[in-house]
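Below, each chain spelled out in residue letters.
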Amino acid sequence: MFRYFISSVLMMLTVSAARAQQLNLSTQAWKFREVGSNTWLPATVPGTVHTDLLANKKIPDPFYRNNEKDLQWIDEKDWEYQTTFAVGRALLDKDRVELAFEGLDTYADVFLNGEKILQADNMFRTWKAEVKSKLKNGINNLSVYFHSPINKVLPVYDSLPYTIPVSNNDQAEKRLSIFTRKAGYHYGWDWGPRFVTSGIWRPVTLTGWNQAAINDVFIKQRSLNPQQALLNAGLEVTAITAGIKQLEVFAEGRGLLLKKDVLLYKGDNNVNADFTLVHPELWWPNGMGVQKLYQFTVMLKDTAGKIIAQKTIRRGLRNIELVQESDSKGRSFYFKVNGQPVFMKGANYIPQDNFLPSVTRTRFEHIINSAAGSHMNMLRVWGGGVYQDDMFYNLCDEKGILVWQDFMFACALFPPFENLKQNIYQEATENVKRLRNHPSIALWCGNNEIPAFFNAGFWGQVKQTWKTPRDSAALFDTYKDIFHHILPAAVKAYDDGKPYWSTTPSADNYSMEQTPERMTGDLHYWGVWGGTDPIEAYNTNVPRFMSEYGFQSFPEMSSVKQFADPGDYAANSAVMTGHQRSNKGNAGITDYMKEWFVIPKDFEQFLYAGQLLQAEAIRTAMEAHRRARPYCMGSLFWQIDDCWPAASWSSIDYYGRWKALQYQAKRSFATVLLSAVDNNGNIDLHLVSDSLKSVKGVLQLQLIDFDGHLLKQYSQTVALEANGSKIVYQLAKKGLAGTYSTRQMVLTAVLRDGQKILAKNQYYFEKPKDQELRAADIKYQLTQKGGTYQLVLRSNRLARFVKVAVGDELIVFSDNYFDLLPNQPCTITFKSPLPADKIKQAVKISSLKDTMPAKI
Ligand code: BMA
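Residues numbered from 1 in each chain as written. Predicted model: local features only at pLDDT ≥ 70, side-chain atom pairs only at ≥ 80, totals over all residues. Heavy atoms only, no water.

Draft legend 1. Looking closely at the packing of aromatic side chains. All told, the structure shown has 51 aromatic pairs when counted by the stated rule. Seen from their ring centres, Trp191 and Trp382 are 5.2 Å apart, and the 75° between their planes marks the pair as edge-to-face. Of this pair, Trp191 sits in the loop between helix H4 (154-159) and strand S11 (199-200) while Trp382 sits in the loop between strand S26 (378-381) and helix H6 (390-399), and the two are 191 residues apart along the sequence. With a centroid separation of 4.6 Å and an interplanar angle of 40°, the aromatic rings of Tyr349 and Phe392 are classed as tilted. Placement of Tyr349 in strand S25 (residues 344-349) and of Phe392 in helix H6 is noted, with a sequence separation of 43 residues between them. Of the two residues, Tyr349 and Phe392, neither departs from the other in class, the shared state being buried. Aromatic ring contacts, followed pair by pair, group Phe63, Phe195, Phe355, Trp644, Tyr654 and Tyr655 into a single cluster. A cation over an aromatic ring shows up here: Lys31 above the ring of Trp40, its NZ or CZ 4.9 Å from the ring centre. The cationic tip of Arg800 hangs over the ring face of Tyr764; the distance from NZ or CZ to the ring centre is 3.6 Å. (Phe/Tyr/Trp six-rings, centres within 6.5 Å; stacked < 30°, edge-to-face > 60°. Helix = DSSP H or I, 4+ residues; strand = E, 2+ residues; numbered from the N terminus. Buried < 20%, exposed > 50% of the residue type's maximum accessible area, 1.4 Å probe, protein only. Lys NZ or Arg CZ within 6 Å of the ring centre and 35° of its normal.)

Draft legend 2. Here's a closer look at the site of the ligand. Around the ligand, the structure places Trp189, Asp190, Trp191, Trp382, Cys411, Asn448, Glu449, Trp526, Glu548, Trp638 and Trp649. The contact in question runs from an oxygen atom of the ligand to an N or O atom on the side chain of Asn448, over 2.9 Å. Summarising the interface, the protein chains cover 91% of the accessible area of the ligand, which totals 300 Å² for the free molecule. Looking at the shell around the ligand residue by residue, the class counts come to 7 nonpolar, 1 polar and 3 charged. (Near = heavy atom within 4 Å. Polar contact = N/O pair within 3.5 Å; in protein donor to acceptor, adjacent residues only side chain to side chain. Areas by Shrake-Rupley, 256 points an atom, 1.4 Å probe, with all protein chains shown as cover. Nonpolar A, V, L, I, M, F, W, Y, C, P; charged D, E, K, R; others polar.)

Draft legend 3. Geometry of H6. Restricting attention to buried positions, one finds in H6 the residues Phe392, Tyr393, Leu395, Cys396 and Asp397. Count one or two residues on from H6 and you reach Gly400, which has phi positive near 75°.

Draft legend 4. Structural context of the packing of helix H12 (residues 585-596) against helix H13 (residues 603-627). Closest axis-to-axis distance for the H12/H13 pair is 10 Å, and the angle between their directions is 80°. In terms of their interaxial angle, H12 and H13 are classed as roughly perpendicular. Facing H12, whose interface residues are Ile589, Thr590, Tyr592, Met593 and Trp596, H13 presents Phe606, Ala609, Gly610, Leu613 and Glu616. Broken down by class, the residue content of the contact of H12 with H13 amounts to 7 nonpolar, 2 polar and 1 charged. (Axes fitted to C-alpha atoms, helices over the stretch in contact; angles between N-to-C directions. Parallel < 35°, antiparallel > 145°, perpendicular 65-115°, else oblique. Contact = heavy atoms within 4.5 Å.)

Draft legend 5. Highlighting the sheet that holds strand S41 (residues 788-795). Pairing is antiparallel in the open sheet, where 3 strands are placed in the order S40-S41-S44. The outermost strands of the open sheet, each flanked by one partner alone, are strand S40 (778-785) and strand S44 (826-831). Each adjacent strand pair in this sheet contributes to an overall mean axis angle of 20°, direction not counted. Pairing of S40 with S41, which is carried by 8 bridges, proceeds in the antiparallel orientation. In the sheet register, Lys785 faces S41, and the bridge partner there is Thr788. (Pairing = 2+ DSSP bridges.)

This is the structure we're talking about:
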């Protein structure tokens, strides 16, 4: 025991003597000021100018009411950040000392003790400088000068003889976003405000090391099967002197897997070595198995066996392919993971805040846990935001959420500047390298909707604004350079064979044409909401992979209260329309609402009905896509989250409240789904399963009226193979109702395996506005166990879209906005730190009937 203790202490000492020394400069005291002003104010790093001004009470809350309008001056100023930090001999005596900014937003000059050491111009890159000779023993001064991202590029815009097409998401008159490698949505989007930020938006560190540093480790998968994983450790190493070193690779729980002598040259080296991990445990997407993650530690030792550098990374082992094979209907577009076809269920993800450093781990967790808890297995990181924080991908790895990763380009063409292309190549390689070890990364995609945009008439229009064909060719060629050459080259060079898709949506890789194709590739279908197609059109517009479709709603009343005043509580008030950025606006909601619901006059009820409408629309689509497997193999709705409190297509609002849609997604994305649809006078009941095992059970169909009287019933044993979809029951509609009114009838379907309910769903014959709902008497019982509450609800009649609320508390319930069938108890659970008596006082149960005029 004692000997063990001594040897582990010795081990720790060796490691720490060898370990690089790091100073976290983000946690130092920082200050900032507007350039030209004499007043320095305390600042937070990582952070932004806007959030620092807010913390110092120099500006009001940017998201509150229409404050956004008065805060546009901030991006036209230059800002300066400064800190001092102490450095001692221990660091100064290292062979090298490197200063690293993981993110500078965006045009920044960095000065160390008055000397300029860096000039940054891309918020997506890491900026590093060797600073050993510039550091002083004692107090050092670090300052960052941010140029206004607007004024910096205005002269470039003005000097161009033509205007480059940029979508009107960029809310300024002069659309400057494309001149700067910065998140597109900062300039405004159809769900977000315009706040063109500046700041040190990711951590800053100072690292000293001796002899050699491992700058990057890639554990590449050469081949993988249940017997063994053939892996390759790829290291980027900087060495002070040439010499033989020993490379060792360990895997947590597996011990030493590789030991090999390597020759390092003085300067930068690429070191590669193959090794094997026997009987690897595989990483699976959510719902298909475990998310095994291996921690690999890579070490370089000197000839005496002393560690001189080490790095640990985590990765899961899994095979992934994008299968595009010709078939009788066109060409497939689906992902195979570990040899199994996977139907991708999920949503598009936008940055969770306009002020990126405000997104804490808890906020990332909330979205990713919500996705995983709703049976999702894919999120698309959309191209108008940012390559997300490591934290985001770590959580996706842990929860089995695959990531469709766009490069950061959306809805615009880009200037034909050579230095911009070089900057983009650098950005692409850095981000591919940063993210390639994550098993969650499934695909790299060049851009969001650029060809789709210019083929939708936009192109023709803007062509006329360019003075010469040469200019237009230059822009077109720049598109091809970036998306057909630069980005795929970075993926090919630095990742391990993950697919690259040049643009979404696209019928064909590397195609510039965007035809409304349904037979190949992926599709963004916006005929519903964007166009005038009825919601039912989702049933027929089914592509091979639906990477976008969406429907708007407002956040619920509890959230509206957080950004608006009572005087604003009307959909068309100045404040609510200020938080509605879609050009269709509220008319998009009301036009569809009148087809499905009686439009409530009361604002709070209007918000509620709007959420139901969104959930019904997206339910139609989610279920249609899943019924169509294996023809269709993906359903990612637009969008899971918000960057500020607003009307948008989101299923979870800015504050984290689940909208009715998120609960519906949880139901519609369940592994086993029963889904009924009208088909030429029949009701077709489909059984869909994403399970890797076959499904078997007893299906029971009941036709009941809204008071619970049983009119007809059918029962039969059904079976479905793994990963399948088929019609398990067909009912002719004609004559089914007999003399009963379809306005008061519902068909319920339940699939049971013994006592266990495998799936259930309802089919209504009429839209909610045409249903004769009567006031229901909903009773409930609340019980508590630990921090978990259980609510058992029961109703004498059908209550549609029952909403449970506990005051304005932010609570995620196990289910909400659900139909309560007559005399069938329904149990929901939730967690809350509030005591039971407080919960009891604040519980509010309502249903659709409460919003409808009292006809009956
Ligand atoms: C899509 C996206 C976004 C947009 C959304 C809603 O096509 O790619 O650009 O915000 O539609 O209009």
